[in-house]
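The lines below spell out each chain.
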Amino acid sequence: MSAKRIIMHIDLDSFFVSVERKFHPELIGKPVIIGGSAERGVVASCSYEARAFGVHSAMPTRQALKLCPHAIVIRGSHGLYSEASREVTDIIHNAVPLYQKTSVDEFYIDYTGMDRFHDCYQHATELRHKIIRETGLPISFGMSSCKTVSKMATNQAKPNGQLLIPHGKEREFLAPLNISKIPGLGESTSKKLYTYGIEKIGDLQKCNLVFLETVFGKAGRFLWNKANGIDEGEIVPHSERKSISTEHTFHTNIADRATIETILVSMTEELASKLRKENMVTSCLAIKVRYANFETHTQQEKIALTAAEHILIPGVKNLLRKAWNQHRPIRLIGVRLSNLCPGSYQINLFEDNEERIRLYQAMDKINFKFGDKTVCRAAGMAIGTRNFNPFMRG
């Protein structure tokens, strides 16, 4: 008989805002927006005081300021957020045997089997207090038998709270919640459920599985499982992989800048897409140039945390100018992104406008569904995937 699962979900409340308030206490209690300019920027994060006016992440800043004109807008600091995330990670790493870091401010911890030696909820409570005490950041957690229910419990515990859902009480906890609370449930699916009069998760629990599969296809099983608190997802151990890279070897040595840059764009796009798919960001960019005699040169530079090719591609082109003697034909070209750390695309929103964000979201949605390079920049289309051999290394 397998041990009953005990999963803890941790979320740092309004992480970017909380870090800013740690260094600027005068922001406490005020509506704060972290993000881009009012002209074309978007909201990366916002305080609960701003949320009360309807402000939320990924909203255009100009719209947010219409809803909350007295909000304080801050551009944000990548370095501060990365360091704060590392501090929390170190505390968790030293406290539990198995955890998963899913973003810069979110973690899962597997306590399964530890109930023979500890009161797991008490241990989780002490860990939360330790993080608050040592980092000065507010934090919420949920604990239950699976990742989905624990994440939803955390959301109910916010701000700065905690909630235990005992084994066997999952359906009871979920029933009164709106279906929009289900992680991963898209807006179009929610609207379709509403047309059938399904608004609460309890309504969904009463639905026949065959009906859901008939109406929603494979997603029907997903909906039924989530509504009933069924989630077999495992905790993937925290990875310390540091780089992702790719190389291209030419059939004949080449010295045409346009062709070389086209290939670099394609390789960089694919690596950036992989980072976003895995919720990773990079802070170091490098290229490798190998000549016909196998002489190899590399160039690298530190950059702000990102997974966006509109930032990476100009950097790659600049490094090519530094690394390549244009009088010598190239045998091999490579791109490497390193100093990786968990972080979702939101960390790049400070530099982006809303149109660009929508473009990335649309491109990623299509590529993740139909395969890499289904859509890409025109500059990267000259190289086919059959000539492109990416590899990843830890």
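The rules behind the values
One numbering rule holds for all chains: residues counted from 1, following each sequence as written. Local features in this predicted model are restricted to residues of pLDDT 70 or higher, and side-chain atom pairs are both shown and tallied only at a pLDDT of 80 or more, whereas totals for entire chains, interfaces and linings draw on every residue. Each side-chain value is worked out from all heavy atoms of the structure, with water and hydrogens disregarded. Any Lys or Arg side-chain nitrogen found within 4 Å of a carboxyl oxygen on Asp or Glu counts as a salt bridge. Secondary structure elements are taken from DSSP: a helix is a run of H or I of four residues or more, a strand is a run of E of two residues or more, and numbering for both begins at the N terminus. Only protein chains enter the accessibility calculation, which uses a 1.4 Å probe. A residue is then buried if its area is under 20% of the maximum for its type, exposed if over 50%, and partly exposed in between. Note on terminology: a nonpolar core comprises buried Ala, Val, Leu, Ile, Met, Phe, Trp, Tyr and Cys residues joined through side-chain atoms within 4.5 Å. Throughout, a contact is declared for two residues whenever any of their heavy atoms are within 4.5 Å. Angles shown run from 0 to 180 degrees and are taken between the N-to-C directions of axes, each axis being a line fitted to C-alpha atoms and, for helices, limited to the stretch in contact. Small angles under 35 degrees read as roughly parallel and large ones over 145 as roughly antiparallel, with 65 to 115 read as roughly perpendicular and the rest as oblique. By the convention adopted, Pro, Cys, Tyr, Trp, Phe, Met, Ile, Leu, Val and Ala count as nonpolar, Lys, Arg, Asp and Glu as charged, and the other residues, Gly among them, as polar. Only when DSSP finds a minimum of two bridges between them are two strands counted as paired. Note on convention: near helix rotated counterclockwise from far helix by under a right angle means a left-handed crossing. Clockwise means right-handed. In this analysis, rings of Phe, Tyr and Trp, with Trp reduced to its six-membered ring, are considered paired at centre separations within 6.5 Å, and the interplanar angle assigns stacked below 30 degrees, edge-to-face beyond 60, and tilted for intermediate values. In this scheme, the term charge over a ring applies when either NZ of a lysine or CZ of an arginine sits within 6 Å of the ring centre and within 35 degrees of the ring normal.

Asks: Give me the lowdown on the pattern of salt bridges, citing residues and values where you can.
Replies: Scanning the model with the defined rule gives 14 salt bridges in all. One salt bridge connects E106 with K151, and the closest N-O pair in it is separated by 2.4 Å. With E106 in strand β6 (residues 106–110) and K151 in helix α6 (residues 147–157), this pair connects stretches of sequence that are 45 residues apart. Residue K191 is joined to E187 by a salt bridge in which the shortest nitrogen-to-oxygen separation is 3.3 Å. Of this pair, K191 and E187 both sit in helix α8 (residues 187–195), separated by four residues, roughly a single helical turn. Several salt bridges converge on common partners, so that one network encompasses E83, R86 and D90.

Asks: I'd like a rundown of unusual backbone geometry, residues and numbers included.
Replies: For the bond running from K158 to P159, omega is 0°, close enough to zero to count as cis. Following the sequence through the fold, P159 ends up in the loop between α6 and β8 (162–164). The phi torsion at A58 lies on the positive side, around 75°, for a residue other than glycine. With respect to the helices, strands and loops of the structure, A58 is situated in the loop between α2 (48–51) and α3 (61–67). Even without glycine at this site, N339 takes up a positive phi of about 55°. Residue position: N339 is located in the loop between β12 (330–338) and β13 (341–342). Residue classification places N339 among the partly exposed residues on the basis of a relative accessible area of 33%.

Asks: An account of the nonpolar core is needed here, citing residue identities and associated values.
Replies: Within the largest apolar cluster, 33 residues are counted, with the highest numbers of intra-cluster contacts made by I10, F15, I92, I109 and Y111. Of all the secondary-structure elements, those providing two or more residues to this core are β1 (7–12), α1 (15–23), β2 (32–35), α4 (78–93), β6, α5 (120–135) and β7 (139–144). A per-element tally of this core places α4 first, with five residues. Not counting residues up to four positions away in its chain, the partners in contact with F15 are Y81, A84, S85, V104, D105 and L137. F250, I260, I287 and W324 belong to the second-largest nonpolar core, a separate cluster that totals 30 residues.

Asks: Quick rundown of the packing of α1 against α4? Include the residues and the values.
Replies: It is the contact of α1 with α4, at a shortest axis distance of 10 Å, that shows an interaxial angle of 100°. By the criterion of interaxial angle, the relationship of α1 to α4 is roughly perpendicular. Across from F15, F16, V19, E20, K22 and F23 in α1, the residues of α4 making contact are L80, Y81, A84, S85 and E87. The class makeup of the residues in the contact of α1 with α4 is seven nonpolar, one polar and three charged.

Asks: An account of the sheet that holds β2 is needed here, citing residue identities and associated values.
Replies: Read across the sheet, three strands follow the order β3-β2-β4 without closing on themselves; strand pairing throughout is mixed. The outermost strands of the open sheet, each flanked by one partner alone, are β3 (43–46) and β4 (72–74). Strand after strand, the sheet turns through a mean of 30° between neighbouring axes, direction not considered. The pairing of β2 with β3 spans three bridges and is antiparallel. Looking across to β3, one finds that I34 is bridged to S45. Sheet contacts for α1: β2, β3 and β4; angle to β2, the most-contacted strand, approximately 110°.

Asks: Go over the sheet that holds strand β5 (residues 99–103) with me, naming the residues and quoting the values.
Replies: The five strands lie next to each other as β5-β6-β1-β7-β8, forming an open sheet whose pairing is mixed. One side of each edge strand has no neighbouring strand; the edge strands of this open sheet are β5 and β8. In this sheet, neighbouring strand axes are inclined to one another by 15° on average, regardless of whether the strands run parallel or antiparallel. As judged from the four bridges shared by β5 and β6, these two strands associate in the antiparallel manner. Looking at the pairing, Q100 lines up with Y108 of β6.

Asks: Before we move on, can you summarise the packing of helix α12 (residues 257–277) against helix α13 (residues 309–323) with the specific residues and values?
Replies: The N-to-C vectors of α12 and α13 enclose an angle of 140°; their axes lie 9 Å apart at closest approach. Considering the angle they form, α12 stands oblique to α13. Of the two possible hands of crossing, α12 and α13 adopt the one that is right-handed. Every residue of α13 that contacts α12 at R257, I260, E261, L264, V265, T268, E269, A272 and R276 is listed here: E309, L312, I313, V316, K317, L320 and R321.

Asks: Residues and numbers for the packing of aromatic side chains, please.
Replies: Considering all chains together, one arrives at five aromatic pairs under this definition. A ring pair is formed by F16 and Y81, whose centres lie 4.4 Å apart and whose planes are at 15°; its orientation type is stacked. Pair noted here: F16 is in helix α1 and Y81 is in helix α4, with a separation of 65 residues, a long-range link. Each member of the pair, F16 together with Y81, is buried. Taken together, the ring pairs in this structure connect F15, F16 and Y81 into an aromatic cluster. Here K192 stacks its cationic end above the ring of F216, 5.3 Å away from the centre of that ring. Lying over the aromatic face of Y291, R328 brings its terminal NZ or CZ to 3.9 Å of the ring centre.

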